[in-house]
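A look at the structure
So you can see what is in the structure, the chains are spelled out below.
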Amino acid sequence: MTADGETREPVRSDARRVRLTGPFTLESGAVLPAVDIAYRSWGRLDPGSDAVLVCHALTGSADADLWWSEVFGPGRALDPTRELIVCSNVLGSCYGSTGPTSTRADGRRWGGDFPRVTIRDMVRAQAALLDHLGVRRLRLVVGGSMGGMQALEWPLLFPDRVDAVAAIGCSARHSPWCIGLSEAQRLAIRADPKWRGGAYPADDPPAGGLAAARAMAMCTYRSWHSFEERFGRRLQDSDDDLFAVESYLRHHGEKLIERFDPATYVTLTHAMDSHDVGRGRGGVARALGSLEQPVLVVSIDSDVLYPPVEQKQLVQQLPHGELMRLESAHGHDGFLIDVDPLAAALAAFRGERAAAA
């Protein structure tokens, strides 16, 4: 599995969809006349009930029970038999929520004209969805990578609705390193002649550009040791000049073409680049210092995309922060591969809170 949960991600078609009432104003000031949010839920949905919110990563989906199956189940960290669990497709996604693949009032696809969205816009859309569902409070907001960014924004935007946060493999703000990697991937998509300024037809997307962007991303989702141990300099076939690692990257590019949209990739990477909990709040330290909720921060020791130094800095600025070091040879993808110790840490974090209450 990769950091946005796709190796095991046969995206389901049974997500429910809610249309938010009235126009939705984005942080940029742009206005979406209507917004649909696709979501899935597990457990009993009672009006006024509390819930757990799971936030997905870049090309992930609302199908958290598929890409994080080891965390779900009776007695596990996320237990649908004792609580309601919700996961929605983010605003700007291509899996049922309003985004670049949606149509405008004139019937045309948004494509590359879809307005910029931010992590905060995603969280506000999630809050509107939960209002619709009758969920007043969240016992926990949890997510990894882009999902971790959303988790950190929740208590800052809605401090009275969140009891606890678990942010995995992310930072308080997107670093120049991450922004540069995102831009390199966007350049690959835009360099494809089929990009056409983002106005490509649905049946003829810039697939080559998206595949190249995905190959770049995959190199940051794993680690030097992971590639060395899994591939080395082995050829894919004895009579072929193709290295096994080349075949691996091409395969993942082809798989993403089958299920994702290039303009959506551009939109969501821009949203990740916008991530900065200190923006408009007096800086990162002041914003994080205002949080009263306990926050579990998970750091993956081999992560080259969001290196451990960022999680250490994050915890140092949290009044009630707790750092969990996840040992993994798989880099950023570790939170979706080495799930058992992560699930145990989540369960312990939640259990300690329950005992204290």
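Residues numbered from 1 in each chain as written. Predicted model: local features only at pLDDT ≥ 70, side-chain atom pairs only at ≥ 80, totals over all residues. Heavy atoms only, no water.

Attention shifts here to the environment of Leu 152. By the secondary structure assignment, Leu 152 is in helix α3 (residues 146–157). In this structure the C-alpha to C-alpha distance between Leu 152 and Arg 120, which are 32 residues apart in sequence, comes to 9.9 Å. Apart from the residues within four sequence positions on either side, Leu 152 is in contact with Val 165, Ala 167, Cys 170, Ser 171, Ala 172, His 275, Val 277, Val 295 and Leu 314. (Helix = DSSP H or I, 4+ residues; strand = E, 2+ residues; numbered from the N terminus. Contact = heavy atoms within 4.5 Å.)

What follows covers helix α4 (residues 176–191). Since there are 3.6 residues in each turn of an α-helix, residues three or four apart along the chain are aligned in direction. The first and last C-alpha atoms of α4 sit 22 Å apart over 16 residues, in line with the 22 Å expected at 1.5 Å per residue. Residues of α4 that are buried: Cys 178, Ser 182, Gln 185, Arg 186, Ala 188 and Ile 189. The arc enclosing the buried residues of α4, seen along the axis, measures out at 150°, which places them on a common side. In α4, the exposed positions angled more than 90 degrees off the buried face are occupied by Pro 176 and Ala 191. Where α4 is buried, its residues touch α5 (207–221) and α8 (262–273). (Expected span 1.5 Å × (residues − 1). Buried < 20%, exposed > 50% of the residue type's maximum accessible area, 1.4 Å probe, protein only. Arc of directions from axis to C-beta.)

Turning our eyes to something else, we now look at the confidence of the model for the protein. Here the protein averages 93 in pLDDT, and 94% of its residues register 70 or above. Segment residues 1–10 is flagged for pLDDT under 50; beyond a separation of four residues in sequence, or across chains, it makes 47 contacts in the model. Contacts for the low-pLDDT stretch residues 352–357, under 50 throughout, to residues beyond four places or in other chains number five contacts. (pLDDT = per-residue confidence, 0-100.)

All right, on to the pattern of salt bridges then. A full pass over the atoms with the stated rule returns 25 salt bridges. Between Asp 301 and Arg 325 there is a salt bridge; the shortest N-O distance is 3.5 Å. Pair noted here: Asp 301 is in the loop between β9 (295–300) and α10 (308–316) and Arg 325 is in strand β10 (residues 321–326), with a separation of 24 residues, a long-range link. Since its relative accessible area comes to 27%, Asp 301 is described here as partly exposed. When salt bridges with common partners are traced through the structure, they connect Glu 27, Arg 120, Glu 153, Arg 279 and Arg 281 into a single cluster. (Salt bridge = Lys/Arg side-chain N within 4 Å of Asp/Glu carboxyl O.)

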